[in-house]
Amino acid sequence: MNKHWRLEYLADYALLTLDVAEQSANVLSQEVLQEFAQLLGEIENKAHKGLIIRSAKANGFIAGADVREFEHISDAPRATELARLGQQVFSRLAHLPFPSVALIHGFCLGGGLELALACTYRIAREDAATRLGLPEVRMGIHPGFGGTVRLPPLVGHLPALDMILSGRTLSVREARRIGLVDEAVPERHLLHAAEAFLKRHPPRRKAPWYQRLPGWKPLRPLVVRMLSPRVRHKANPDHYPAPWRFLRLWQERAGEEQEAESLGELLVSRTSRSLVHVFLLGEELKRQGRAHSHDIEQVHVIGAGVMGADIAIWAVNKGFRVSLQDQNPEALARAMKKAAGFFKDKLKDARAVQEAMDRLLPDIHGYGLRRADLVVEAIVEKLEPKRELFKNVEQLVRPQALLATNTSSIPLEAIGQSLKDPTRLVGLHFFNPVAKMQLVEIVRGVKTSEAALQRARAFTCAIERLPLDVKSSPGFLVNRILMPYLMEAVRLVEEGVSLVTIDNAATEFGMPMGPIELADSVGLDICLSVAEELAGPLHIEVPNILRELVEQGHLGRKSGRGFYQYNARGRRELPPPNKIAIDVPITERLVLRLLNEAVACLREGVITDADAVDAGMVYGTGFAPFLGGPMRYVESLGETGISHSLYRLSQEYGSRFTPDPGWSQPQRLIQRKRSSN
Ligand code: NAI
């Protein structure tokens, strides 16, 4: 009796259906691979005209290798062995005495696509949900089940390099264009198409000569040189070695043996371990969000500024009907224009754009309130107007409507004071830009009900963002941790360290953007108002230079000048870095303030555990994913060393570096929710 695969013999061929037990999606664990190998042995020995492989899961074909297993692999030889197991099974599939077809629907990723590549043909369901790709670099590895060897001859070298180096997924149309799939058909024709291929048995596809040409041995070093700047732009080789390893394999025309060895080393590297940790944190947030349903159909957003417009557009993009209200008609007009541009860019097809725009209603009088299941407030960051607004809103909405505020710093208890029923008020704190930042802080006020939180989490998942529970306290989690780091950067500017030197120190550490550029991008006025809000409760000193710039109207990128000067196209003009060497521990000062605040958040219970800090900072700010988040980084360095360094800095630079009392509770610092840790 098989646990994961179902084998049927039809008239002329064998049909293998994968339905991995106790999993919502098909993943290739060692057990699944072993069972597959055994079944192939069985099929091999019977004369057949062909084999068809498909998935029984509605969501897709195969999502890839079982990432959870990675965490339990302790050394490189063991990881190499796992890759060899996959290679052997797929090689057996590739060398069956009859042709084989992979019938692909939904996601077909990583090891799943490598399995499909080992089949003679690939037939995909023609729809938007079907996506194919080799996203291994996102986990700090490269394909290891023969994919690096099988993909180039099929689709050509440059498309193969692009797929593996970027890790991006392809639509069916694109996959068809490059020859990754042989045919794309509607659901009802899938089996027929497979049978027809097996009957006709045409030769396996081969990339045309001009696509094979860049693989000519003397040309390979040239191609690598040509691609390197683009790869470097995305992946610093010291932090993210996988794409570079793959390029080397490709240049050396390496076979499966080297592929497996290289994969083995990468899989147990710090980068891969951290990226897997980050991935699983995201999965955990989704799991929590999906634990309940949200029953929200109609959303009403109030405030059509930077955030309100983006939230409305994003919810519409994910299928919701949204009415968008603002007291200022011009703000509404700008938001509608932005929406039209966004959907045109994203959806391309004119009808789909029209359908999306039909779901977004500009609503100056707020008629949508009466129908709304969820109201999201995103007006100015001031207590009185927000309080007043909610008081009016409560009188108009249906009793079951969920009320949410996007405030970045005002306590929920203060906003909810005007409400008759404050249990229905929750914080939905989005990050800017909404389309890019995956995190949403789900803010729990003292009076917020569990039911309201569940609906808020579930809605966040429904719009494909990650819900992170935080307590209503100054700055919640992400802004609070970020603010001391930003203020330290501004202090360094005051001390005469050049802007570029500060920003470079942060990006070399692994931040996606330097703190000064970040402050300019967020807007110095917003930075200042959040900093002032947090200054009292968190004992942060706000450097004068920030106030002065705001008073002078230098608000950052949006006004053409902040710390940096920006040209007409919004590009940063780079002043020269410091000529004389600066004897200041820039990175240490920036990062330790951030870590100290993270530990304070844990101690105060702003979040439940160390995992929540990591998830928040990586998905909310892009904190060096290859380090796995601040607390994972603390774990790797050891908390005693860090608190000693903080103490040393406090002696030299002042009390803002005094180690938080939380450092002396090491158990709490490594306490994690995910059971595998
Ligand atoms: P914004 O100034 O761009 O937009 C505010 C909009 O609200 C304006 O269009 C204004 O006309 C409208 N408005 C003000 N009072 C109103 C009322 N009583 N009724 C209807 N419309 C009203 O502000 P932004 O940046 O979008 O911020 C909105 C909220 O989101 C604030 O609470 C802010 O703290 C929060 N937030 C902002 C982030 C950012 O990066 N800008 C990030 C995360 C949260």
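See the structure shown above.
Throughout what follows, the structure given in this document is the object of discussion.

The rules we used
- Residues numbered from 1 in each chain as written.
- Predicted model: local features only at pLDDT ≥ 70, side-chain atom pairs only at ≥ 80, totals over all residues.
- Heavy atoms only, no water.
- Buried < 20%, exposed > 50% of the residue type's maximum accessible area, 1.4 Å probe, protein only.
- Helix = DSSP H or I, 4+ residues; strand = E, 2+ residues; numbered from the N terminus.
- Pairing = 2+ DSSP bridges.
- Right-handed = clockwise from strand over helix to strand, strands pointing away.
- Axes fitted to C-alpha atoms, helices over the stretch in contact; angles between N-to-C directions.

With that out of the way, let us pick up the pairing of strand S11 (residues 298-302). Looking along a regular strand, one sees the side chains alternate between the two faces of the sheet. Burial runs high along S11: five of the five residues are buried. The two faces of S11 match: Gln298, His300 and Ile302 on one face and Val299 and Val301 on the other face are all buried. Examined bridge by bridge, S11 and strand S12 (residues 321-325) share five bridges and lie parallel to one another. In the strand pairing of S12, His300 is matched with Ser323. With helix H14 (residues 306-317) bridging S11 and its parallel neighbour S12, the resulting β-α-β unit is right-handed. Where S11 meets strand S14 (residues 374-377), four bridges bridge the pair, whose relative direction is parallel. Looking at the pairing, His300 lines up with Val375 of S14.

A cis geometry characterises the amide bond from Asn432 onward to Pro433, with omega recorded as -5°. Locating Pro433 in the fold gives a position in the loop between strand S16 (425-430) and strand S17 (439-444). One non-glycine residue, His201, lies in positive phi territory at about 50°. Looking at the secondary structure, you find His201 in the loop between helix H8 (190-200) and helix H9 (209-212). Classification of His201 by relative accessible area gives partly exposed; the value is 45%. Here the phi dihedral of His539 falls at roughly 55°; this positive angle occurs in a residue that is not glycine. Mapped onto the secondary structure, His539 falls in the loop between helix H23 (524-538) and helix H24 (544-551).

Now for the sheet that holds S12. With respect to topology, eight strands assemble into an open sheet ordered S13-S12-S11-S14-S15-S16-S17-S18, the strand pairing being mixed. Of all strands in the sheet, those with a lone pairing partner are strand S13 (360-362) and strand S18 (466-471), marking the two edges. Between one strand and the next, the sheet's axes are offset by a mean angle of 25°, whatever the strand orientation. Pairing between S16 and S17: four bridges, direction antiparallel.

Everything listed here is a matter of coordinates, which is why it stays silent on function.
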